[in-house]
Amino acid sequence: MQISDRDVLLVIDVQNDFCTGGALAVPGGEKVVPAINRIAANFTNVVLTQDWHPGDHVSFAPNHAGKQPFRTIELDYGTQVLWPSHCVQGTVGAEFHGELEISRANLVVRKGFRRGIDSYSALFENDHRTPTGLLGYLRERELKTVFVAGLALDFCVRFSAEDARKAGFEVAVIEDACRGIDLDGSVVATHRSFRERGISIVSLEALL
Ligand code: VGL
Ligand code: ZN
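Residues numbered from 1 in each chain as written. Chains lettered and ligands numbered in written order. Predicted model: local features only at pLDDT ≥ 70, side-chain atom pairs only at ≥ 80, totals over all residues. Heavy atoms only, no water.

## Quick look at the coordination of the zinc ion (ligand 2)
Heads up, the condition is: Metal sites are built from N, O and S donor atoms within 2.8 Å, or 3.2 Å for Na, K and Ca, and they leave out water, so they may look incomplete. For a four-donor site, all angles between 85 and 135 degrees give tetrahedral; for four or six donors, opposite pairs above 155 degrees with the remaining angles between 65 and 115 give square planar or octahedral; all remaining cases count as irregular. Counting from the N terminus, the helices are the DSSP runs of H or I reaching at least four residues and the strands are the DSSP runs of E reaching at least two.
Taken together, Asp51 (OD), His53 (NE2) and His86 (NE2) make up the full set of protein donors to the zinc ion (ligand 2), lying 2.0 to 2.2 Å away. Here the zinc ion (ligand 2) binds four donor atoms, and the angle range of 88 to 168° at the metal identifies the geometry as irregular. For the zinc ion (ligand 2), the single-chain donor residues occur in sequence as D-x1-H-x32-H. A residue pair is termed long-range when its members are at least 10 positions apart, and Asp51 in strand 2 (residues 45-51) and His86 in the loop between strand 4 (78-81) and strand 5 (107-111) qualify at 35 residues.

## Digging into the packing of aromatic side chains
To be explicit about the condition: Working definition: rings of Phe, Tyr and Trp (its six-membered ring) pair if their centres are within 6.5 Å, and the pair is stacked with planes under 30 degrees apart, edge-to-face with planes over 60 apart, and tilted otherwise. Only protein chains enter the accessibility calculation, which uses a 1.4 Å probe. A residue is then buried if its area is under 20% of the maximum for its type, exposed if over 50%, and partly exposed in between.
Scanning the entire structure with this criterion turns up six aromatic pairs. Between Phe43 and Phe147, the aromatic rings sit 5.5 Å apart at their centres with planes inclined by 70°, giving edge-to-face as the arrangement. Within this pair, whereas Phe43 is found in the loop between helix 1 (32-40) and strand 2, its partner Phe147 is found in strand 6 (residues 145-151), the two being separated by 104 residues in sequence. For Phe43, a relative accessible area of 2% translates into the label buried. Of the residues examined, Phe147 reaches a relative accessible area of 4% and is grouped as buried. On the basis of an interplanar angle of 85° and a centroid distance of 5.0 Å, the ring pair of Trp83 and Phe155 is categorised as edge-to-face. Separated by 72 residues along the polypeptide, Trp83 in the loop between strand 4 and strand 5 and Phe155 in helix 3 (residues 153-166) bring together distant segments of the chain.

Nothing here speaks to function; it is geometry throughout.
Right under this line is the structure:
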């Protein structure tokens with residue numbers, strides 16, 4: 001597959017807290033790093049996202065008395081999973097994985113920095129209304145196809161891919177450059193959603 005200057009590689013949340021030993025470790029999370037470094041070398045346009053929460057963030061279970069991680073609560077924008085505290089602004093856990101070649105990036109988008117609202121998607125926060133600014137960037141740069149890789153397949157990768165597709169971009173998720181959390185069937189639901197929305201799944205091999 002030929003990669004063009006109208007394509008962008010969107011690398012989601014490859015941060016220490018989502019890798020082995022991190023506060024919200026995704027199984028095998030760090031395995032995406034060599035894969036992403038290899039494909040990123042072929043792209044002119046590379047955008048990274050960084051989950052970037054204040055310590056008192058609404059998505060953190062310890063901020064809700066008596067609530068356990070991985071349970072849900074209802075907020076005014078809908079159902080919110082409560083996570084262990086993770087990717088706190090300025091901490092080592094919030095830093096990109098040490099072997100990720102971040103110098104390839106043209107743009108780093110931070111998300112989830114508002115105390116009262118989580119942001120899985122790189123384009124819109126979890127109220128599906130508050131923009132991160134990335135959509136404006138993609139449009140102004142006249143990018144057409146968004147290739148998505150990173151963590152976690154069934155949360156931030158999924159929501160980013162869906163929002164990019166809804167906004168009219170061609171979207172391809174690079175499956176072997178992603179890893180999932182898999183909470184209550186969320187990986188199966190992600191694959192179903194990608195099929196229904198016309199989001200393609202491609203292999204790393206196809207992009208090398
Ligand atoms: C993520 C849960 C909470 C992700 C971020 O990057 O998929 N998941 N914050
Ligand atoms: Zn988060």
